[in-house]
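Observations on the three-dimensional arrangement
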Amino acid sequence: MLEVRNIRKSFGDLPVLKDVSLKVDKGDVIAILGPSGSGKTTLLRCLNFLEQADGGEMIFDGETFRFGQVSKKDIHRLRKKTAFVFQNYNLFANKTALQNVTEGLIVARKMPRDKAEKLGMDMLAKVGLADWSKHYPNQLSGGQQQRVAIARALATQPEIIYFDEPTSALDPELTGEVLSVMRDLAQEGMTMLVVTHEMGFARNVSQRVVFMENGVVVETAPAHDFFEHPQQERTRAFLRMLDHQEIKEEKEK
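Below, the structure is looked at part by part.

Conventions and cut-offs
- Residues numbered from 1 in each chain as written.
- Predicted model: local features only at pLDDT ≥ 70, side-chain atom pairs only at ≥ 80, totals over all residues.
- Heavy atoms only, no water.
- Phe/Tyr/Trp six-rings, centres within 6.5 Å; stacked < 30°, edge-to-face > 60°.
- Helix = DSSP H or I, 4+ residues; strand = E, 2+ residues; numbered from the N terminus.
- Buried < 20%, exposed > 50% of the residue type's maximum accessible area, 1.4 Å probe, protein only.
- Salt bridge = Lys/Arg side-chain N within 4 Å of Asp/Glu carboxyl O.
- Pairing = 2+ DSSP bridges.
- Axes fitted to C-alpha atoms, helices over the stretch in contact; angles between N-to-C directions.
- Contact = heavy atoms within 4.5 Å.
- Core = buried A, V, L, I, M, F, W, Y, C linked by side-chain atoms within 4.5 Å.

A closer look at the packing of aromatic side chains
If you walk through the whole model with that rule in mind, you get six aromatic pairs. Between the aromatic rings of Phe49 and Phe67, the centroid separation amounts to 6.0 Å while the plane-to-plane angle is 40°, which identifies the pairing as tilted. Of this pair, Phe49 sits in the loop between α1 (40-47) and β4 (55-60) while Phe67 sits in the loop between β5 (63-66) and α2 (72-79); the two residues are 18 residues apart in sequence, bridging distant segments of the chain. Between the aromatic rings of Phe226 and Phe227, the centroid separation amounts to 5.2 Å while the plane-to-plane angle is 85°, which identifies the pairing as edge-to-face. You'll find Phe226 and Phe227 in the same group, each marked buried. Each residue in the set Phe211, Phe226, Phe227 and Phe238 is aromatic and connected to the rest through ring pairs, giving one cluster.

Looking at the pattern of salt bridges
One pass over the structure, following the stated rule, counts 17 salt bridges. Across the pair Glu103 and Lys95 runs a salt bridge, and its minimum N-O distance is 3.7 Å. When its relative accessible area of 25% is taken as the criterion, Glu103 is described as partly exposed. Between Glu233 and Arg240 there is a salt bridge, with the nearest N and O atoms lying 2.8 Å from each other. Shared partners join several salt bridges into a network, and the residues in it are Glu3, Arg5, Glu57 and Arg66.

Some details on the sheet that holds strand β1 (residues 2-11)
Reading across the sheet, the four strands line up as β2-β1-β4-β5 and stay open at both edges, with antiparallel pairing between neighbours. The two strands at the open ends of the sheet, each matched to only one other strand, are β2 (14-24) and β5. For this sheet, the mean angle separating the axes of adjacent strands, direction not counted, is 20°. As judged from the seven bridges shared by β1 and β2, these two strands associate in the antiparallel manner. Bridge assignment links Val4 to a residue of β2, and that residue is Leu22. The strands that α2 touches are β4 and β5; relative to β5, the one it contacts most, it runs at about 125°.

Re the nonpolar core
Among the nonpolar cores identified, the biggest contains 40 residues, and Ile150 and Phe163 are the most heavily contacted of them. Within the residue set of this core, elements represented by two or more residues are β6 (82-85), α3 (97-107), α4 (113-126), α5 (142-155), β7 (160-164), α6 (172-187) and β8 (191-195). When neighbours within four sequence positions are excluded, Ile150 is seen to be in contact with Val85, Val127, Phe163, Val178, Val181, Met182 and Leu185. By size, the runner-up hydrophobic cluster in this structure holds 29 residues, among which are Ile30, Leu78, Ile160 and Met212.

What about the environment of Asp61?
One can find Asp61 in the loop between β4 and β5. Residue Asp61 is classed as partly exposed on the basis of its relative accessible area of 35%. The spatial distance from the C-alpha of Asp61 to the C-alpha of Arg234 is 34 Å, given a sequence separation of 173 residues. The contact partners of Asp61, leaving out residues within four places of it in the chain, are Met1, Lys81 and Glu159.

Dropping the structure here:
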């Protein structure tokens, strides 16, 4: 469904992505892990053309696109097949939950308002927010706002959803409600590429894990193998650090 080959991206003299390649099959849930500054978010943003990659190519639904040479028309066409869920929700503060879901459908996709609103309500119901459709973002918790953002993504009926640290701004209780929605989507077969620090999600929901550091893919493996039998020493060190943090947090409780 999606294959990326040798994608490269620099900001000035700083290389952020160095010949990164990955493959996503239909229905895959892939967790992208790694320390801060490893290039994870930049990778997602380049895949959705929120950033322009310097080189490499993408194969999407059998079509090949060369980064840096993709036309605006093709970018628009590709974006109609994808959706992006941001860390900080990116909701319109002056619009209700339902309006946030339907705005893109009505304005960008020229969908009739009544059809967009029915679809919007269906998607809000799917994430457990049908009763909150008339509330504004400042009347919603962070978890509810992120679920509105997921409903907005689902309303576009994408082939793949890119999630960029969807729970990083949330406390543990609200994190759980967002991850629950994502687990449901995974069970329904939604294709997802998820940058996350949530190891439980990576271990128990994703089929594969990609571990990045310093702009390169250090290791990629099925989720069970990644956590139980990591091949690279850097991966093992990363997992040891996580275990140490979990033990420390448990003691602090």
